[in-house]
Amino acid sequence: MVQGVGFRPFICRLAAKYGFVGEVDNRTDGVSVIVQGDLKTIDRFSNDILQNAPPASQIKSIEIKLTYFTGYDSFMIAGSKTIDKQVTEISPDIAVCQECLGDLENDPERIDYPFINCTNCGPRFTIIEGLPYDRPKTAMKSFRMCGKCNTEYNDILNRRFHAQPIACNSCGPVYSYKDSVKSLSSIKQILEEVSRRIA
Ligand SMILES: [Zn+2]
Ligand SMILES: [Zn+2]
């Protein structure tokens, strides 16, 4: 289970640590990683993948093949490929992580933002409409990222690097409340109103 769990960002950071060029891509049957380097280092890299994979991922097997392709000048995330009918497992939704809970109080764009998420947490199964797992194949496809989200999405050192459901108060989905007399849009007010009515 390697999709929707921050696997590609993890591989990117690991490749940077080893100084590898190459690419990683999601395929319907798993994840493919191409790196250029000497065999011993690649072996260590491969062990590192097994030992330090993101907590929500599960690796059934790693298959290493020699290839003579050259010509990469950096390490990148390639476009996803549909390879065959065998489909990799899909991650379940993951409960909000501690760091996102912190952001709910401190990140100016995400104060009380109910759909907060990062590569370690957030919706997966409920938003996935097809594989490989990429934003255009999720319920988030119609929400255009704002500048800040876009910067985070593309920053390899950011916790939201390639977090497909990335969103914030200015660009993501929102809650709203309407009844015959009032309409509310602040999540605090909505929660208060709904709690009051249930009580
Ligand atoms: Zn998180
Ligand atoms: Zn945003």
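Heads up: these notes are all about the structure in this document. (Residues numbered from 1 in each chain as written. Chains lettered and ligands numbered in written order. Predicted model: local features only at pLDDT ≥ 70, side-chain atom pairs only at ≥ 80, totals over all residues. Heavy atoms only, no water.)

**What about the environment of Arg 135?**
Reasoning step 1: As for its placement among the helices and strands, Arg 135 is situated in the loop between α3 (98–106) and α4 (147–153).
Reasoning step 2: When the C-alpha positions of Arg 135 and Asp 93 are compared, they lie 15 Å apart, and in sequence the two are 42 residues distant.
Reasoning step 3: The residues touching Arg 135, leaving out its near neighbours within four places in the chain, are Met 140, Lys 141, Phe 143, Met 145, Gln 164, Pro 165 and Ile 166.
Reasoning step 4: A polar contact of 2.7 Å, which involves the side chain of Arg 135, links it to the backbone oxygen of Phe 143. (Helix = DSSP H or I, 4+ residues; strand = E, 2+ residues; numbered from the N terminus. Contact = heavy atoms within 4.5 Å. Polar contact = N/O pair within 3.5 Å; in protein donor to acceptor, adjacent residues only side chain to side chain.)

**Remarks on the coordination of the zinc ion (ligand 1)**
Coordination angles at a metal have ideal targets, namely 109.5 degrees for four tetrahedral donors and 90 or 180 degrees for six octahedral donors.
Reasoning step 1: Coordination of the zinc ion (ligand 1) by the protein involves Cys 97 (SG), Cys 100 (SG), Cys 118 (SG) and Cys 121 (SG), with metal-donor separations of 2.3 to 2.4 Å.
Reasoning step 2: Metal-centred angles of 102 to 120 degrees between the 4 donor atoms at the zinc ion (ligand 1) mark the site as tetrahedral.
Reasoning step 3: Donor residues for the zinc ion (ligand 1), ordered by position in the chain, follow C-x2-C-x17-C-x2-C.
Reasoning step 4: Judged by its relative accessible area of 0%, Cys 121 falls in the buried class. (Donors = N, O, S within 2.8 Å, 3.2 Å for Na, K, Ca; no water. Tetrahedral: all angles 85-135°; square planar, octahedral: opposite > 155°, others 65-115°. Buried < 20%, exposed > 50% of the residue type's maximum accessible area, 1.4 Å probe, protein only.)

**Notes on the pairing of strand β2 (residues 30–36)**
On a regular strand, each side chain points to the face opposite its neighbour's, so the side chains alternate between the two faces of the sheet.
Reasoning step 1: Bridge analysis of strand β1 (residues 21–27) against β2 gives 7 bridges, and the strand direction is antiparallel. Paired with Val 21 across the strands is Gln 36, a residue of β2.
Reasoning step 2: The loop that links β1 with its antiparallel partner β2 comprises 2 residues. (Pairing = 2+ DSSP bridges.)

**Concerning the coordination of the zinc ion (ligand 2)**
Reasoning step 1: Summarising the metal site, the zinc ion (ligand 2) is bound by the protein donors Cys 146 (SG), Cys 149 (SG), Cys 168 (SG) and Cys 171 (SG), whose distances to it range over 2.2 to 2.3 Å.
Reasoning step 2: What the 4 donor atoms of the zinc ion (ligand 2) show is an angle range of 103 to 114 degrees at the metal, which sorts the shape as tetrahedral.
Reasoning step 3: Considered as a linear motif, the donors of the zinc ion (ligand 2) on their single chain read C-x2-C-x18-C-x2-C. You'll find Cys 168 and Cys 171 in the same group, each marked buried.

**Comments concerning the sheet that holds β2**
Reasoning step 1: Pairing in this open sheet of 3 strands is mixed, and the strands run β2-β1-β3 from one edge to the other. Sheet topology places β2 and β3 (75–77) at the edges, where each strand pairs with a single neighbour. Across this sheet, the average inter-strand angle for adjacent strands is 10 degrees, counted without regard to direction. (Axes fitted to C-alpha atoms, helices over the stretch in contact; angles between N-to-C directions.)

**A closer look at empty space enclosed by the protein**
Reasoning step 1: One pass over the structure, following the stated rule, counts 1 cavity of 30 Å³ or more.
Reasoning step 2: Its boundaries defined by the atoms lining it, the largest cavity holds a volume of some 120 Å³.
Reasoning step 3: No other element matches helix α1 (residues 7–18), which puts 3 residues into the lining of the largest cavity.
Reasoning step 4: Class assignment of the residues belonging to the lining of the largest cavity gives a composition of 8 nonpolar, 7 polar and 2 charged. (1 Å grid on protein atoms, 1.4 Å probe; cavity = no way out; pocket = protein on both sides within 12 Å on 5 of 7 lines; lining within 4 Å. Points joined across faces, edges and corners; volume = space filled by probe spheres on them. Nonpolar A, V, L, I, M, F, W, Y, C, P; charged D, E, K, R; others polar.)

**Some words on helix α2 (residues 39–52)**
Reasoning step 1: Its 14 residues give α2 an end-to-end C-alpha distance of 20 Å, which sits within 8% of 20 Å, the value for a rise of 1.5 Å per residue.
Reasoning step 2: Looking at α2, one finds that the buried residues are Thr 41, Ile 42, Phe 45, Ser 46, Asp 48 and Ile 49. Within α2, the buried residues cover an arc of 155 degrees as seen down the axis, which keeps them to one side. Opposite the buried face of α2, by more than 90 degrees, sit the exposed residues Leu 39, Lys 40, Arg 44 and Gln 51. (Expected span 1.5 Å × (residues − 1). Arc of directions from axis to C-beta.)

**As for the side chain of Thr 119**
Reasoning step 1: In this structure, Thr 119 sits in the loop between α3 and α4.
Reasoning step 2: Given the relative accessible area of 7%, Thr 119 is considered buried.
Reasoning step 3: Within the local environment of Thr 119, its side chain forms a polar contact with the backbone oxygen of Arg 159, the two atoms lying 2.8 Å apart.

Geometric values such as these leave the question of function open.
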